[in-house]
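Coordinate analysis (summary)
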Amino acid sequence: MRNSDWKGKQMKGYKGFNKDLTCRGKQYAENTVFEEETAEICKSGMHFCKNPFEVLNYYPFVNDNAEINEFAEVEALDECKTDDNEKFTTKKLKIGAKIGIDGLIKAFINFTLSKAKAESAATNIGDCSVATNTGDYSAASVEGKSSFAIATGINSKAKGKLGCYIAVAEWGQKDDGEYELINFKSHKVDGKTIKEDTYYTLKNGKFVEVKTNEAI
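What counts, and at which threshold
- Residues numbered from 1 in each chain as written.
- Predicted model: local features only at pLDDT ≥ 70, side-chain atom pairs only at ≥ 80, totals over all residues.
- Heavy atoms only, no water.
- Helix = DSSP H or I, 4+ residues; strand = E, 2+ residues; numbered from the N terminus.
- Buried < 20%, exposed > 50% of the residue type's maximum accessible area, 1.4 Å probe, protein only.
- Contact = heavy atoms within 4.5 Å.
- Lys, Arg positive; Asp, Glu negative; His and termini not counted.
- Salt bridge = Lys/Arg side-chain N within 4 Å of Asp/Glu carboxyl O.
- Polar contact = N/O pair within 3.5 Å; in protein donor to acceptor, adjacent residues only side chain to side chain.
- pLDDT = per-residue confidence, 0-100.
- Core = buried A, V, L, I, M, F, W, Y, C linked by side-chain atoms within 4.5 Å.
- Pairing = 2+ DSSP bridges.

Attention shifts here to the overall build of the protein chain. Within the protein chain, the secondary structure is distributed over two helices and 18 strands. Counting over 216 residues, the protein chain shows a buried share of 45%. Once local pairs closer than 6 in sequence are excluded, the contacts in the protein chain between residues at least 24 apart make up 50%.

Encoded structure:
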């Protein structure tokens, strides 16, 4: 997709930040409009994602220093440019209120439900559908085009067909025996990094293939 394909279109989306609300050295603030002179993908302008799942490809819930990143809803007030229909850039961007991890998870749910045509508990074969499983040692899988498999339980796993997305949570056990969320990542089933029809879980922040009948 050429940068000019989205010329003149404004849209709402989501943006990730460091914990101090900075991104690539630029300081942002809540409920504020920011402007830049030019906007070219990966070169200039202010970048954001329309799909909340895509944000985690740039700003995961927890960074390499074990710090929790921040997230906010944003609105482009000028033309948007993209080269992959996933990440967008614009010269004028309104930053909304911070939504944190809880807010981003709610955005996942709202986004998937807004696209869903058919839905079931943990396995779904409908196009634009969502399969969500929150139980421990659980599994979520999808087969329909542009669908989402979300596994948020402890030691959970997810899989999908090519073109789908998987999202998996990673939990760590504290000294008192309680569990805490330490990672939550999503990735497109592209046949390379993430194979189709293959379960994946998260270990140390990385997607790890789960063999058939293998205990996580």
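The next point concerns the side chain of E54. You can see E54 is positioned in helix α1 (residues 52-55). Salt bridges are absent for the buried E54, whose nearest opposite-charge side chain, K188, sits at 6.5 Å. Setting aside chain neighbours within four positions, we find E54 in contact with C49, E86 and Y165.

Take the environment of T89 next. Note on placement: T89 falls in strand β8 (residues 87-90). Looking at T89, the relative accessible area reads 0%, which means it is buried. Residues within four places of T89 in sequence aside, it is in contact with A39, E40, I41, S44, G45, M46, H47, E79, C80 and K81. A polar side-chain atom of T89 sits 2.9 Å from the main-chain carbonyl oxygen of S44.

Applying the stated criterion to the full structure yields six salt bridges. With a shortest N-O distance of 3.3 Å, K195 and E209 are connected by a salt bridge. One end of the pair, K195, is in the loop between β16 (179-188) and β17 (199-203); the other, E209, is in strand β18 (residues 206-210), with 14 residues separating them in the sequence.

Mean pLDDT over the protein chain: 82, with 80% of residues reaching 70 or higher. Across the protein chain, strand β4 (residues 32-35) holds the top mean pLDDT of 98, while strand β10 (residues 123-124) sits lowest at 52. Within the model, the stretch residues 1-5 combines pLDDT values under 50 with eleven contacts to residues more than four positions away or in other chains.

Turning our eyes to something else, we now look at the nonpolar core. Among the nonpolar cores identified, the biggest contains 35 residues, and Y28, F48, F61, I95 and F184 are the most heavily contacted of them. When residues of this core are traced back to their parent elements, those giving at least two are β1 (12-17), β5 (46-49), α1, β6 (70-76), β9 (92-98), α2 (100-115), β13 (148-151) and β15 (165-173). Looking at this core, the element that brings in the most residues is α2, giving five residues. Among all residues touching Y28, those that are not within four sequence positions of it are K15, F17, L21, C23, F34, M46 and I95. A140, A158, I194 and Y200 belong to the second largest nonpolar core, which has twelve residues in total.

The element β6 is largely enclosed, with a buried count of five among its seven residues. In this structure, β1 lies alongside β6, joined through six bridges in antiparallel fashion. Within β6, the position partnered with K15 by the bridge is A72. Bridge count for β6 against β9 is four bridges, and the pairing is antiparallel. Its bridge partner being in β9, A76 is matched across the sheet by L93.

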